[in-house]
Amino acid sequence: MISISCQTADLVERLTAVSRVASGRSAMQPIAGVRLVAQSGSVALEAVDSDLAIRTELPATVGGSGGVALPGKLLLDVARALPATAVELTSDETGFVEVKSGAATFKLRALRDDDVPPLPPMEGEHPVQLSAGALRDTIAKVEKAAARDATRLILTGVLVSASGDELRMVATDAYRLAVKETKLDTSIGGEGLEATVPHRALAEVARATVADDATIELRRHESRLIVKWDGTTLVSRLLDGQFPNYRQLLQENFTSEVELSTKELAEALRRVSLLAQKSARLRLKFTEGELQIGAQTQDVGEASESIPAPWHGEDLEIGFNPDYLRAGLDNVSTETVKLRLINPVRPMVLETTDDSAFTYLVMPLRLDV
Amino acid sequence: MRLIVARCEVRYNGRVTAVLPMALRLLMIKSDGSVMVHADTGGYKPQNWMTPPTVIDFEGDPVERIHVRKVGQDDELDITVEEIVSDVLHDMGEAAALEKDGVERDLQEALAAAPEFCGEGLRLVRREWPTDIGPVDLMCRDETDGWVAVEIKRMGTIDAVEQLSRYLERMREDPVLADCRGILVAQKIAPQARTLAASRGIDWVEVDLAVVRGDREADLTLFA
């Protein structure tokens, strides 16, 4: 038997994160459970699914020791609905957990504790440490470029590598590629870290409720990545396979280069994209001193806009998926953006123009179809 | 099938009372007892109708009145005919069954011949893999010899995810297929279906039939 007394808000906050892991990726009910573990006067919430495991400490007054598993979503729904600021959870010997808050009482049937898989090892060597704000920013800049479909499973992951005092994340869905480099607070020793992490795991880390200046640690242990912050540990399985050789794409001989106002380009793209519907292409035509942006959707209409561009040399017309182009530009945080091109069938590079080290490649769409 | 184009007035009596005033209409009277009253506008939907079983009485020759009564109920259509423009009877014979999901069948054939479009390294083991709740469209093996069940739809919806979930649940009861993973493949997959699939651990892939068949070049990609 265990008893737990805590603040309702603390319980809701921790359960929200833990329940997302226990989201029922498996059809098996027990795996959608959250386990409460009381030990030595403290309590932790745990959840495991096929890709992720999470353990987070809950500030509470605890009696007894042991664990009890409850359906995660139901417990979260109950916690969110509790009427008072404090809540007590008490397990009994009949397999129920009583949840009391103010005048409200719930009795929830517990899952079999041993049905919830045990947590994987949560320790590893050579931690990479950086501020939560920097990590969040790095993830936000690349994570959305990872593939969502399963045509190439390795592309559903983000390549995370760290050595010396630099963390690098790379994601691609084969149509665009995002690279972000971030300076680490402290240099790491050993061989560094290299792993392909499912994008979902990094999205969970980015959602962590932790101050920007708090420290987050990343470690690798065998085929898992272990992420720790402020009383919480998240473990993700890593993807097998070889991440594509993206470096050769960055080393191509880009023959044309132009630097534009990021805001001016973004606003023009936003306006013209309104008429790039039903998979219509966005046309970019670089001519002497000017960039013309155009879009046309059959039976709907067309739009065009020109912005000044220090372009010299031969004209170049190239087509893009408007969403992909805008997604890259949205992550350029500098006042100007550098575009580097080769020809209408090779990727275009968008780069920041300071040391924020963000690079985005986007593959064009053919204009002759 | 009797098709009558006539200037007529149609009165419906039953749960409510409704009148279609005198106008030129098409009356479609099927051999199964269905009666439909169509105008030249309003899309596919009749202005009024009665589903079988019905009792249909024709008065006059040429027809002056058609009375349709729903068997066992109080619903009735009373059609007063002012002028007949055309009155034709067709023997339709036995109806051929609906060619179900022609596009889906085409997709399945094309993907069976090129399963790599469903996922890198996939190879086909069998089409229409039998389970006791229905056949799985394609059963494949991946690069590590793992089993992969592929459900193919023209449009990937939440229902398609549910269907594949049921197949996987049944198949995984067999220890040999305990680790079988699932992929939903469709020409378009609804955002809600993507979310549900992700929450169930089911992968999804959108394919273009013209590209799978080699009729159209695939979009340019960063990696060969």
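Values in this document were obtained by computation on a predicted structure and should not be read as measured data.

Definitions and limits used
Residues numbered from 1 in each chain as written. Chains lettered and ligands numbered in written order. Predicted model: local features only at pLDDT ≥ 70, side-chain atom pairs only at ≥ 80, totals over all residues. Heavy atoms only, no water. Helix = DSSP H or I, 4+ residues; strand = E, 2+ residues; numbered from the N terminus. Buried < 20%, exposed > 50% of the residue type's maximum accessible area, 1.4 Å probe, protein only. Contact = heavy atoms within 4.5 Å. Pairing = 2+ DSSP bridges. Axes fitted to C-alpha atoms, helices over the stretch in contact; angles between N-to-C directions. Salt bridge = Lys/Arg side-chain N within 4 Å of Asp/Glu carboxyl O. pLDDT = per-residue confidence, 0-100. Domains from an automatic or database assignment. Parallel < 35°, antiparallel > 145°, perpendicular 65-115°, else oblique. Left-handed = near helix turned anticlockwise from the far one by under 90°. Nonpolar A, V, L, I, M, F, W, Y, C, P; charged D, E, K, R; others polar. Buried area = accessible area lost by both parts, 1.4 Å probe. Polar contact = N/O pair within 3.5 Å; in protein donor to acceptor, adjacent residues only side chain to side chain.

Within chain B, the regular secondary structure consists of 4 helices and 12 strands. Taking the principal axes of its C-alpha atoms as reference, chain B extends roughly 75 × 40 × 35 Å. Looking at chain B as a whole, 39% of its 224 residues are labelled buried. For chain B, the proportion of contacts with a sequence separation of at least 24, taken over those separated by at least 6, is 45%.

Here we take up the sheet that holds strand 18 (residues 256-261) of chain A. Residue and element names in this part refer to chain A. Pairing in this open sheet of 8 strands is antiparallel, and the strands run 14-11-12-13-25-24-23-18 from one edge to the other. A strand with exactly one partner marks an edge of an open sheet, and here the two such strands are strand 14 (193-198) and strand 18. Averaged over all neighbouring strand pairs, the angle between strand axes comes to 15°, with direction disregarded. Strand direction decides the pairing type here: strand 11 (residues 157-163) and strand 14, joined by 6 bridges, are antiparallel. Residue pairing for strand 14: L159 is matched across the bridge by T196. Relative to the sheet, helix 3 (residues 132-142) contacts strand 11, strand 12 (166-172), strand 13 (176-183) and strand 25 (358-362), its axis offset from that of strand 13 by approximately 165°. On the sheet, helix 6 (residues 262-273) packs against strand 18 and strand 23 (336-341) and is oriented at approximately 90° with respect to strand 18.

The next point concerns the pattern of salt bridges. Residue and element names in this part refer to chain A. A full pass over the atoms with the stated rule returns 39 salt bridges over all chains. Measuring nitrogen to oxygen at the nearest pair gives 4.0 Å for the salt bridge that ties D10 to R14. Residue D10 and its partner R14 are both found in helix 1 (residues 8-21); the two are separated by 4 residues, about one turn of the helix. Residue classification places D10 among the partly exposed positions, given a relative accessible area of 21%. Overall, the relative accessible area of 18% leaves R14 in the buried class. Between E143 and R148 there is a salt bridge, with its nearest N and O atoms 2.7 Å apart. According to the relative accessible area criterion, R148 is partly exposed, its value standing at 36%. Overlapping salt bridges, with partners in common, bring together E257, K338, R340 and E351 in one network.

Moving on, we come to helix 4 (residues 199-206) of chain A. Of all the 8 residues making up helix 4 of chain A, 6 are buried; the element is thus mostly covered by neighbouring parts of the structure. For helix 4 of chain A, every residue scored as buried is listed here: A:H199, A:R200, A:A201, A:L202, A:E204 and A:V205.

Bringing the confidence of the model for chain B into the picture now. Predicted confidence across chain B gives a mean pLDDT of 90, with 96% of residues reaching 70 or more. Across the interfaces of the predicted complex, the ipTM metric reaches 0.77, alongside a pTM of 0.75.

Looking at where A:D355 falls in the secondary structure, it is placed in the loop between strand 24 (348-352) and strand 25. For the pair A:D355 and A:E314, spaced 41 residues apart in sequence, the C-alpha separation works out to 30 Å.

Take the pairing of strand 15 (residues 215-221) of chain A next. All names here are of chain A. Pairing analysis gives 5 bridges linking strand 10 (residues 125-131) to strand 15, with the strands arranged antiparallel. Residue pairing in the sheet places V128 in a bridge with L218 of strand 15. Sheet topology note: the strand 15/strand 16 (residues 224-229) ladder contains 5 bridges and is antiparallel. Within strand 16, the residue paired with E217 across the bridge is K228. Counting the residues between successive antiparallel strands, the hairpin from strand 15 to strand 16 contains 2 residues, one of them, E222, with a positive phi of roughly 50°.

A few words on the confidence of the model for chain A. One rule of thumb: low pLDDT means the predicted coordinates there are not for detailed reading. In the predicted model, chain A carries a mean pLDDT of 91, and the fraction of residues at 70 or more is 96%. Overall, residues 26-30 of chain A carries pLDDT values under 50, and its contacts beyond four positions in sequence, including any with other chains, amount to 6 contacts.

Attention now goes to the domain arrangement of chain B. In terms of domain boundaries, chain B breaks down into domain 1 (2-89) and domain 2 (98-223). Once you take the C-alpha centre of each, domain 1 of chain B and domain 2 of chain B turn out to be 47 Å apart.

Residue and element names in this part refer to chain A. Closest axis-to-axis distance for the helix 3/helix 4 pair is 9 Å, and the angle between their directions is 140°. As summarised for this structure, helix 3 and helix 4 are arranged oblique, according to the angle between their axes. Considering only the axes of helix 3 and helix 4, their crossing is left-handed. In this structure, helix 3 contributes L135, R136 and I139 to the contact, and helix 4 contributes L202, V205 and A206. Tallied by class, the residues present in the contact of helix 3 with helix 4 amount to 5 nonpolar, no polar and 1 charged.

Residue and element names in this part refer to chain A. Domains assigned within chain A are domain 1 (3-115), domain 2 (125-245) and domain 3 (252-362). A straight line from the C-alpha centre of domain 2 to that of domain 3 covers 28 Å. Surface buried jointly by domain 2 and domain 3 totals about 930 Å² across both partners, of which 51% is contributed by carbon and sulfur atoms. A per-residue breakdown of the area domain 2 buries against domain 3 is headed by K141, R176 and L177, which together make up 53% of the total. On inspection of domain 2 and its partner domain 3, the count reaches 0 salt bridges. Where domain 2 meets domain 3, there are 5 residue pairs in polar contact (both at pLDDT 80 or more). Of all elements in the fold, only helix 3 and strand 13 reach the threshold of two or more residues within the side of domain 2 that touches domain 3.

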